[in-house]
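# Structure at a glance
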Amino acid sequence: MTDTTQRAAEVLKEHRASIDRLDAILVYTLGERFKHTQAVGKLKASHDLPPSDPAREANQIARLEDLAKEADLDPEFAKKFLNFIIAEVIQHHQKHQS
């Protein structure tokens, strides 16, 4: 293995270690987020509130798009990601309603 190839392998290993740490942060962050949304779903169900709040969802999507731009992340990807999360949350809220 040449010095250049060895250095590239070391850099690759460092990037992958960072990616693994960030993946763990994402999973734990999503876990924490869903704990709160579960609590919201139970609260909504106990007070006969609708499982979704389209105005809040629209505000959250706009907010996330702005954050994505600031973070140099594709805003369309961020929007799709949040829409996926919102759909999961609404599904959980609907389960609490029944």
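Notes on the structure in this doc start here. Just so it is clear, the model here is predicted, and its values are computed rather than measured.

Here is what the cut-offs are and how they apply
- Residues numbered from 1 in each chain as written.
- Predicted model: local features only at pLDDT ≥ 70, side-chain atom pairs only at ≥ 80, totals over all residues.
- Heavy atoms only, no water.
- Helix = DSSP H or I, 4+ residues; strand = E, 2+ residues; numbered from the N terminus.
- Rg over C-alpha atoms; globule rule 2.2 N^0.38 Å.
- Buried < 20%, exposed > 50% of the residue type's maximum accessible area, 1.4 Å probe, protein only.
- Contact = heavy atoms within 4.5 Å.
- Lys, Arg positive; Asp, Glu negative; His and termini not counted.
- Charge placed at Lys NZ, Arg CZ, Asp CG, Glu CD.
- Axes fitted to C-alpha atoms, helices over the stretch in contact; angles between N-to-C directions.
- Left-handed = near helix turned anticlockwise from the far one by under 90°.
- Parallel < 35°, antiparallel > 145°, perpendicular 65-115°, else oblique.
- Nonpolar A, V, L, I, M, F, W, Y, C, P; charged D, E, K, R; others polar.
- Patch = residues over 30% accessible without salt bridge, like charges linked within 9 Å, V, L, I, M, F, W, Y side chains within 5 Å.
- Areas by Shrake-Rupley, 256 points an atom, 1.4 Å probe, with all protein chains shown as cover.
- Salt bridge = Lys/Arg side-chain N within 4 Å of Asp/Glu carboxyl O.
- Polar contact = N/O pair within 3.5 Å; in protein donor to acceptor, adjacent residues only side chain to side chain.

### A closer look at the overall build of the chain
- Counting secondary structure elements, the chain contains three helices and zero strands.
- Shown N-terminal to C-terminal, the secondary structure of the chain runs as helices and strands in the order α-α-α.
- By the compact-globule yardstick of 13 Å for 98 residues, the chain is too spread out, its C-alpha radius of gyration being 19 Å.
- Each principal axis of the C-alpha distribution contributes one length, and for the chain these read about 65 × 25 × 15 Å.
- Here the chain, with 98 residues, has 18% of them falling under the buried criterion.
- Residue pairs in contact within the chain that sit at least 24 positions apart in sequence constitute 63% of those at least 6 positions apart.
- Where the 14 positive side-chain charges of the chain centre and where its 16 negative ones centre are 5 Å apart.

### Things to note about the packing of helix H2 (residues 54-70) against helix H3 (residues 75-97)
- Where H2 contacts H3, the axes come no closer than 9 Å and their chain directions differ by 145°. The way H2 lies across H3 gives a crossing that is right-handed. Every residue of H3 that contacts H2 at Glu57, Gln60, Ile61, Leu64, Glu65, Ala68 and Lys69 is listed here: Pro75, Glu76, Ala78, Lys79, Leu82, Asn83, Ile86 and Ile90.

### A short note on the packing of helix H1 (residues 3-46) against H3
- It is at 9 Å that the axes of H1 and H3 come closest, and there the two elements cross at 40°. Looking at the two axes, H1 sits oblique to H3. For the pair H1 and H3, the crossing hand works out as right-handed. Across from Leu30, Arg33, Phe34, Thr37, Gln38, Val40, Gly41, Lys42, Lys44 and Ala45 in H1, the residues of H3 making contact are Phe81, Leu82, Ile85, Glu88, Val89, His92, His93, His96 and Gln97.
- Here the contact of H1 with H3 is composed, by residue class, of eight nonpolar, seven polar and four charged.

### Some words on a nonpolar patch on the surface
- The grouping of Leu73, Phe77 and Phe81 at the surface amounts to a nonpolar patch, some 280 Å² of accessible area in total.
- Examined against the element boundaries, Phe77 turns out to sit in helix H3.
- Looking at Phe77, the relative accessible area reads 47%, which means it is partly exposed.

### Focus on the side chain of His93
- The topology assignment puts His93 in helix H3.
- At 3.3 Å, the side chain of His93 forms a polar contact with the backbone nitrogen of Gly41.
- Within the structure, His93 has its side chain in polar contact with the backbone oxygen of Pro51 (distance 3.1 Å).

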